[in-house]
2 protein chains.
Amino acid sequence: MGEDQQIPDAAGLSRRGLMGLAVGAGAAGLAIGGGAGIASGVALGRARERRTADAVASGDGIHQPGITTPVQDHLHFAAFDMMARTTRDDVASLLQDWTYAANRMMQGLEVSATGAVGGSPEAPPDDTGEALGLPASNLTITFGFGPSLFDERFGLAAQRPAGLERLPAFLGDDLDPERSDGDLCIQACADDPQVAVHAIRNLSRIAFGRARIRWSQLGFGRTSKTTSDQATPRNLFGFKDGTANILADDAAALDENVWVSASEGPAWLAGGSYLVARRIAMLIETWDRVRLSEQDRIVGRDKARGAPLSGGDEFTAPDFAATDGSGTPRIDARSHVRLAHPDQNGGIRILRRGYNFVDGNTDLGRLNAGLFFLSFQRSPDRYITVQRALATDAMAEYIRHVGSGLWAVPPAPAAGQSIGAGLLGA
Amino acid sequence: MGEDQQIPDAAGLSRRGLMGLAVGAGAAGLAIGGGAGIASGVALGRARERRTADAVASGDGIHQPGITTPVQDHLHFAAFDMMARTTRDDVASLLQDWTYAANRMMQGLEVSATGAVGGSPEAPPDDTGEALGLPASNLTITFGFGPSLFDERFGLAAQRPAGLERLPAFLGDDLDPERSDGDLCIQACADDPQVAVHAIRNLSRIAFGRARIRWSQLGFGRTSKTTSDQATPRNLFGFKDGTANILADDAAALDENVWVSASEGPAWLAGGSYLVARRIAMLIETWDRVRLSEQDRIVGRDKARGAPLSGGDEFTAPDFAATDGSGTPRIDARSHVRLAHPDQNGGIRILRRGYNFVDGNTDLGRLNAGLFFLSFQRSPDRYITVQRALATDAMAEYIRHVGSGLWAVPPAPAAGQSIGAGLLGA
Ligand code: HEM
Ligand code: HEM
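Since the model is a prediction, treat every value here as computed from it, not as a measurement. (Residues numbered from 1 in each chain as written. Chains lettered and ligands numbered in written order. Predicted model: local features only at pLDDT ≥ 70, side-chain atom pairs only at ≥ 80, totals over all residues. Heavy atoms only, no water.)

**Student:** Even after reading the chapter, I still don't get the side chain of Arg-338 of chain B, so can you show me in this structure?
**Tutor:** Residues and elements named next belong to chain B. Within the element layout of this structure, Arg-338 appears in helix H8 (residues 336–340). Buried charge Arg-338 goes without a salt bridge, the closest partner of opposite sign being Asp-332 at 6.8 Å. Engagement of the side chain of Arg-338 in a polar contact is seen with the backbone oxygen of Asp-332, the distance being 3.2 Å. Not counting the four nearest positions on each side in its chain, Arg-338 is found in contact with Phe-320, Pro-329, Ile-331, Asp-332, Ala-333 and Gln-344. (Helix = DSSP H or I, 4+ residues; strand = E, 2+ residues; numbered from the N terminus. Buried < 20%, exposed > 50% of the residue type's maximum accessible area, 1.4 Å probe, protein only. Lys, Arg positive; Asp, Glu negative; His and termini not counted. Salt bridge = Lys/Arg side-chain N within 4 Å of Asp/Glu carboxyl O. Polar contact = N/O pair within 3.5 Å; in protein donor to acceptor, adjacent residues only side chain to side chain. Contact = heavy atoms within 4.5 Å.)

Spelled out as structure tokens, the structure:
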């Protein structure tokens, strides 16, 4: 991270005092048991000052970064719940503080002007310090609002987009509530895992007394191709993943499939999107015993080149009508690619941006591994349509959906505003 | 990974048949419940053929790679236990197979000549495929033998080095047996996590029916400086870590502190070392509330530059006698650096090669984070001396040792031999 660089907020105040206050008060709050009361006191104090959201958080100024940004090497994703007895003002102040810190970190700066080592030696540093000296590493921080944020607690029910509810149960779901849902989510992606982890850690710290991590997930090795010059990476089944993905420069496909238009959603979500996360365990030891021809059949593409089994190379369009000599479809009726393909789903496409994960091993000595599937789409029902189509997927035998979440991803804030300003009026 | 490249074994056989056999038989063994019987049958069949260990596994031909190799960005570490009813021959054949596959993978090749996609479509591929197309990424694979390998099971008791026993209990230990020990260990380090994971996954697969993973750990963001041109990285307390480490080009310090000499150990271990792993949870939220001056005091160095509190820059030797105006030692008596320093430990130095980890979060919404501490030393008691010295470490309040293991790391095999040939005579 670069050296300290003063970014004054709108009120011209140094951020330092606020950060010190928040952390100090938070710690005190904890000591007296709970902290929500004190934290809202702090938040109220903060809400009186307006701070500037820097242009960076806005990515292209319209959409948040981390959606069409070329996919980075590492992910730290965290879902947060607001704490008991927090208020709408707490949500608003948290988003202000997060916006401020996220903007700084995406520039490779510490979370505040004094940061890890520039403050008073007699106070805890604002920044935890492990990213000192590291470049920004293409860090993007993307915020989302879960269905539960719109329940009775914060007076936001009237602004809930119609489709923003928990995803329906899908065939075969084996969801762990402790790896699902959350009032808020943050997707931090960077080419250095220490930078992604630093971002989540510091945002979690800033949330102290207001929100806390419900669950989090690290991921590596992009499984999604998102620009035409990226080589298609491989998932843990050893197959190329992302071949038919929506590319960042395909503005028409993005408008059609990813961005919420001004006419359809609540106004605060125009230019935003919906983020689905599915933690999908892969039964890799079982998969590894499947013969190559069967693996190919299940996917509908060949493992070596990623070409559709109807012929051609990786980027040839699959021909679902093609049959072999005996009249059998070359691309199996139950293959993943056929069932997920827009041709079978009324033209629907989704923007996939998932990561591989390996979280140690199970008691049976098997790697606890899989795909942390992330996708962005213009409406939740588009995702639901595709996943329902996969009900008869031949791949289903080798995977298990163990976590799930859906969040509305607001657009980038206007200059000087915070993430979610359209929703919270801050 | 590069394209298929036939590396014939000593018997001139294609590796393909063996791999197919092992996996096929293993799967069948599983189906009939257990597999150890069949697996030993396979292993016995294998032991009759001698295979060539390539020069790569030998690193510099004397020591295994992954010890003085410039520390890579990512780690996947796994501890294995031999399965019930396996024999000494199983251990020997496993090490032969591991040596063969490790040598190939360290060259950026697939585990066998036919690999992920070059075999019969009617057989499961030898290689799981997720590293296809990726460079070798400086992969190193380092093998170790735990104390339990020398119990009554394999007839190796007489060859156990005297110091190779479970580490003694240390003050404050809070060890989880499921994250400790293991008959064998493999340290895979690479600059791409997918390459490190691919290595452990495929070695674990090759072990099928003979050994299985007891526990495993991923790590990122080197916490150890190991060459003079590497900038000192930071650990999750935000401090530079590795400043005073033994550097790879310091042959005298390595001979003195890291390599087992021909005269002291069993002959099979000459040129080897002892590897200690400690999974150390860091109470980062608590640490983050400690004031900067206190953090500095606990470490004995300043957070910004990593300079000893006695003055100078990062690489100035600490002056433990220096006092401030009031006669107080500048480097606190309980500081980590003072207690760990060779001056306080009869000149002992250890080679640290640890990694940061973040494994999701706890139920309390705190990040489950810490240091996966790895060190190499000439004898276990050298490590024990340093850790005992840390009994009064001021840092102890902020960390918890939750996993532990000790392994003897044999030297590199001679050309044409396998890892551990000196021990197993293979
Ligand atoms: C572990 C689970 C999964 C694995 C291993 C997997 C793997 C793959 C592979 C190898 C491809 C072909 C290459 C490509 O176009 O990217 C693919 C395509 C695709 N997958 Fe998945 N996938 C998984 C889960 C899902 C889920 C949960 C969804 C959505 C509900 C999904 C939707 C798609 C779509 C839309 C395509 C592109 C189809 C096309 O347009 O040709 N996948 N997937
Ligand atoms: C989470 C736990 C630990 C943390 C955060 C930590 C951190 C540090 C830091 C910041 C330094 C100073 C910079 C340097 O020379 O690298 C250091 C030095 C050192 N640490 Fe640790 N350490 C930890 C655990 C251990 C353990 C378990 C041992 C061995 C039992 C150990 C042995 C050493 C040694 C030998 C030095 C060098 C002392 C010198 O020669 O100046 N550390 N450690």
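Structure shown, so let's carry the discussion forward.
**Student:** Could you clarify how one ought to interpret the site of ligand 2 in this entry?
**Tutor:** Residues and elements named next belong to chain B. Taken together, 27 residues are adjacent to ligand 2, and Gly-242, Thr-243, Ala-244, His-336 and Arg-352 come closest. Contact distances for ligand 2 include 2.9 Å between a nitrogen atom and a side-chain N or O atom of His-336. Here Arg-352 contributes a side-chain N or O atom positioned 2.9 Å from an oxygen atom of ligand 2. Elements with a minimum of two residues in the shell around ligand 2: strand E5 (273–282), H8, strand E8 (367–377), helix H9 (380–389) and strand E9 (399–409). Its residues assigned to classes, the shell around ligand 2 comprises 16 nonpolar, seven polar and four charged. (Near = heavy atom within 4 Å. Nonpolar A, V, L, I, M, F, W, Y, C, P; charged D, E, K, R; others polar.)

**Student:** So what exactly am I meant to see when it comes to the site of ligand 1 here?
**Tutor:** All names here are of chain A. Taken together, 27 residues are adjacent to ligand 1, and Gly-242, Thr-243, Ala-244, His-336 and Arg-352 come closest. Here Ala-244 contributes a backbone N or O atom positioned 2.9 Å from an oxygen atom of ligand 1. Between Arg-352 and ligand 1, the recorded distance is 2.9 Å, taken from a side-chain N or O atom to an oxygen atom. Taken together, the elements giving at least two residues each to the shell around ligand 1 come down to strand E5 (273–282), helix H8 (336–340), strand E8 (367–377), helix H9 (380–389) and strand E9 (399–409). By residue class, the composition of the shell around ligand 1 is 16 nonpolar, seven polar and four charged.

**Student:** Is there a simple way to think about the packing of aromatic side chains in this case?
**Tutor:** How two aromatic rings sit relative to each other is given by the distance of their centres and the angle of their planes. Counting across every chain of the model gives 28 aromatic pairs over all chains. For the ring pair Phe-150 of chain A and Trp-268 of chain A, a centre distance of 5.7 Å and an interplane angle of 15° mean the geometry is stacked. In this pair, Phe-150 of chain A sits in the loop between strand E2 (140–145) and strand E3 (184–190) while Trp-268 of chain A sits in the loop between helix H5 (251–257) and E5, placing the two residues 118 residues apart along the sequence. Residue class for Trp-268 of chain A comes out buried when judged on its relative accessible area of 8%. Ring centres of Trp-215 of chain B and Trp-407 of chain B lie 6.3 Å apart, and the angle between their planes is 50°; this geometry places the pair in the tilted category. On the criterion of sequence distance, the pair formed by Trp-215 of chain B in strand E4 (residues 211–222) and Trp-407 of chain B in strand E9 is long-range, its members being 192 residues apart. Ring-pair connections join several aromatic residues into one group, and the members of that group are Phe-77, Trp-215, Phe-372 and Trp-407 of chain A. (Phe/Tyr/Trp six-rings, centres within 6.5 Å; stacked < 30°, edge-to-face > 60°.)

**Student:** Just checking my understanding: could you explain the nonpolar core for this structure?
**Tutor:** Side chains of nonpolar character tend, in soluble globular proteins, to be buried together. Formed by 154 residues in total, the largest nonpolar core has its most connected members in Trp-98 and Ile-141 of chain A together with Trp-98 and Ile-141 of chain B. Leaving out residues up to four positions away in the same chain, Ile-141 of chain B has contacts with Gln-64, Pro-65, Ala-102, Met-105, Met-106, Ile-186, Gln-187, Ala-199 and Leu-203 of chain B. (Core = buried A, V, L, I, M, F, W, Y, C linked by side-chain atoms within 4.5 Å.)

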